[in-house]
Structures are given as C-alpha cells and as structure tokens.
Amino acid sequence: MTESFKALLLEPQPDGPVATIRTLTLDDLPAGEVLLQVHYSGLNYKDGMILQGRGNLVRDYPHVPGIDLAGTVLESADPRYRPGDPVVLTGYRVGEAHWGGYAQRARVRGDWLIAQPPGYSARQAMAAGTAGFTAMLAVQALEDHGLQPSTGEVLVTGASGGVGSIAVRLLARLGYTVTAVTGRPENANYLHQLGASTILDREALADTPAKPLLGERWAGCVDTVGGDMLAHVLAGMAYGRSVAACGLAGGAQLQTTVLPFLLRGINLLGIDSVLCPAERRRGTWERLAALLPGADLDAITSEIGLEDLPDCGESILKGQIRGRTVVRLD
Ligand code: NDP
C-alpha cells in the first residue's frame, strides 16, 4: 500500500477555490525526480492570492498551494541529491503551476532545489523564504547600481510585511540609514527594532496623486507596494538613484511620467525571484544566510498549521500580517 500524508487541497467551487485538508497518497503527487518530506512551508502574498483564487495563477485543480518549502530528501533520481539531504525550494512557479509546499510530501524537479542554507534550520529557511530571498535580490540590485551606506536615506515601502521587514533588517545590518513606510503606525517600535531610523506614515507619502517631481530625498528604495506609492517614490528619488520594484501590495497599475527618468536619471529595477538563474540564486541565499542570523528571523516569525491557512491567506492580502509566517507540516 502506498504511503499516505496530509495536504491542503484547493478544489474548484462556483465562488472560487475552497481549501480542505485531505489525506493523499504518493501516487497523487505530480512527476519529479526528487521526493521530499516537507517540514515547513511559508505564507507569502502570492500564497494569499492563490488561496483566494486571485490573479488566475492556478490553472489546474485540484491543486496543492505553497510557493516555498523546506524538507528532507526521501528518494532521488537526481544524482545531486541523496536521501537525508536537507533542501529548500522557492520559485519556479511551484505552488502555482506545480503542486507546492502545503503538504507533508512533495515531488519536484532536482533543478529547483538548493541545499538548506548554512546556519538555518528548515523553519528558519522558510522564515526567510521567497520574501527574504527577494529582499536580498532587491538590496543587491541597488548595490549593483551604486548604492552605498554613505549615499543617503534608503526607503522601504510595505515595511511591516515579509519582504519589507527583511529588507529593513538587511539594509540596517549593512549600515544603511533606513526609512520605513507603513500604513500601521502601531508597528513603529517593531520597525525601529529591525533597524529603521525613521518611520513614515503611508498616507503622508501617497495621499494625493503624485507630482511628476518632488524634492530629491531618497538614495534608494525597496518598493513592495507598487501603484501610487511607487509613483511618489519615483518622483522623490535623488539624482541618478535606483528603485528596486518588488511588489504590488498597493496595486499593479503605475501612473507616472517619464520625467524622473529623463531629468534625474532614475533607474527602475525589476526584481524577479521566481526564475532567478540558479547560480545567482545560490549566491543570494548564501549572502542572505550570512547577513541575517536565524535568531533575527525567529524574532519576526509566527507559526501556523495547515488548518490556519485559509484565514491567514485572507489576512495577508488585507495587509494584516506582520513579518513572516511559517507553516508547520511535521
Ligand atoms: P506582505 O503582505 O507580507 O507585505 C506587504 C505589505 O505592504 C503589508 O504588510 C503592508 O505593510 C503593505 N500594504 C499592504 N496593502 C497595502 C496597500 N493597499 N497600500 C499600501 N501598502 C500596503 O507581502 P509580502 O512581503 O509577501 O510581499 C510583498 C509584495 O511583494 C507582494 O505584492 C508580493 O506579490 C511581492 N513579491 C514579489 C516577489 C518578486 O519576485 N518580485 C517575491 C515576493 C513578493 P504596512 O502595513 O507596513 O504598510
């Protein structure tokens, strides 16, 4: 008899997909070279979208969501991995186009895996997850375009969220002066503890339609919000500086003018964590693990079970989750 395990299964209903905890067997899993015991997954904004059936991200149901997973190899037809190896998977549209981490077992392609980053437990790797990896990519992109601690104030939008919290921490650790933008002033102490020097109210930054140009204030920005916020940020960048555009928590539309680009030489850098090439992916994870100790991640992490995911998926889309949330599978 084939082994059975628990999974959160999304099944189509007339009003959108419904998530239920089901018992599946290994025969239910999709094809792949590596069978994993999943210890932890995570909750990212995209998981919220998938759980709520938004964005047309999942085309085939029934579906197991969970865009991140950390686990142990049980069986492998890929010579790079052996039973017992601790591994991590983020991106590659896993949890979206392929069954993901909200299950005690996963079968995936060997090309999608990396070794569990040094110094991290499976839980800590998921506390970083796609959010931490994306924050590190964003910081690196700004550095590649000339950002240094002496350049000036660096802005992080959506600062209490997963990508935002880790970006604040990483930038502070690297010696930058960080200004955190939040719509939740009650998180000011939390953001100061992460290393933000200044807290800005979301409304104060983006309450009116953005002027084409504002005073030249920001030396860099990690933007997780998009929409009107990004338009304001672009207008307020100092000459020749860069914005790393990571997210759309405030909207996918961008209404702006070309003036910040033409008159101030501003760079808008696109950040993609999903198809980031393997070599860059490994290097970025290594740097993240070196800069951000597991204990720092523990301090911003909440833990939930599969049964909590439908509610938490709704909460993350409403901007109600602070820091990172890991999903326990063991
Ligand atoms: P979170 O929900 O954890 O963080 C988003 C934060 O944005 C919230 O905590 C809130 O912060 C702020 N926010 C929420 N709603 C609004 C709004 N309507 N207007 C302005 N600010 C808002 O999500 P994640 O950190 O997981 O992801 C953040 C974004 O980055 C998402 O859009 C996600 O899709 C994207 N992303 C992109 C990746 C890539 O590869 N490019 C990878 C990972 C994430 P506060 O309350 O402090 O204002």
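Treat the numbers as computed from the prediction; the structure is a model and nothing was measured.

A. Up close: the sheet that holds strand E8 (residues 153-156). Across the sheet, which stays open at both edges, the six strands sit in the order E10-E9-E8-E11-E12-E13 with parallel pairing between neighbours. Where the open sheet ends on each side, the last strands, each with one partner, are strand E10 (198-201) and strand E13 (267-270). Each neighbouring strand pair of the sheet contributes to a mean axis angle of 20°, computed without reference to strand direction. Relative to E10, strand E9 (residues 177-182) runs parallel, the two being bridged by four bridges.

B. Molecular detail of the environment of Val258. Position of Val258 among the secondary structure elements: in the loop between strand E12 (237-245) and helix H7 (259-264). As for Val258 and Asn56, which are separated by 202 residues in sequence, their C-alpha atoms are 31 Å apart.

C. Representation of the side chain of Arg281. Following the sequence through the fold, Arg281 ends up in helix H8 (residues 278-291). For Arg281, which is buried and forms no salt bridge, the nearest opposite charge comes from Asp272, at a distance of 6.6 Å. In this structure the side chain of Arg281 is engaged in a polar contact, spanning 2.8 Å, whose partner is the backbone oxygen of Thr90. From its side chain, Arg281 meets the backbone oxygen of Val274 in a polar contact 2.8 Å long. The contact partners of Arg281, leaving out residues within four places of it in the chain, are Thr90, Tyr92, Ile114, Phe133, Ser273, Val274, Leu275 and Cys276.

D. View of the pattern of salt bridges. Within the structure shown, the criterion is met by 17 salt bridges. With a shortest N-O distance of 3.3 Å, Glu153 and Arg217 are connected by a salt bridge. Taken together, the residues span a long stretch of sequence, with Glu153 in strand E8 and Arg217 in the loop between helix H5 (202-206) and strand E11 (218-223) at a distance of 64 residues. Classification of Glu153 by relative accessible area gives partly exposed; the value is 21%. You can call Arg217 partly exposed: its relative accessible area is 42%. Linking Arg328 and Glu303 is a salt bridge whose minimum nitrogen-to-oxygen distance equals 2.9 Å. Here Glu303 lies in strand E14 (residues 301-304) and Arg328 lies in strand E15 (residues 324-328), a separation of 25 residues in the sequence.

E. Quick look at the layout of surface pockets. Empty space within the second largest pocket amounts to approximately 190 Å³. Along the walls of the second largest pocket sit 16 residues, with Tyr81, Leu113, Ile114, Ala115 and Arg282 positioned nearest its centre. Listed by contribution, the elements that provide at least two residues to the lining of the second largest pocket are strand E7 (114-115) and H8. The leading source of residues in the lining of the second largest pocket is H8, at five residues. Split into classes, the residues belonging to the lining of the second largest pocket amount to ten nonpolar, one polar and five charged.

F. Spatial organisation of the environment of Pro83. Summarising the element assignment, Pro83 is placed in the loop between strand E4 (68-76) and strand E5 (86-90). A relative accessible area of 58% means that Pro83 is categorised as exposed. Discounting residues that sit within four places of it in the chain, Pro83 has contacts with Val73 and Leu74.

About the criteria used
Residues numbered from 1 in each chain as written. Predicted model: local features only at pLDDT ≥ 70, side-chain atom pairs only at ≥ 80, totals over all residues. Heavy atoms only, no water. Pairing = 2+ DSSP bridges. Helix = DSSP H or I, 4+ residues; strand = E, 2+ residues; numbered from the N terminus. Axes fitted to C-alpha atoms, helices over the stretch in contact; angles between N-to-C directions. Buried < 20%, exposed > 50% of the residue type's maximum accessible area, 1.4 Å probe, protein only. Lys, Arg positive; Asp, Glu negative; His and termini not counted. Salt bridge = Lys/Arg side-chain N within 4 Å of Asp/Glu carboxyl O. Polar contact = N/O pair within 3.5 Å; in protein donor to acceptor, adjacent residues only side chain to side chain. Contact = heavy atoms within 4.5 Å. 1 Å grid on protein atoms, 1.4 Å probe; cavity = no way out; pocket = protein on both sides within 12 Å on 5 of 7 lines; lining within 4 Å. Points joined across faces, edges and corners; volume = space filled by probe spheres on them. Nonpolar A, V, L, I, M, F, W, Y, C, P; charged D, E, K, R; others polar.

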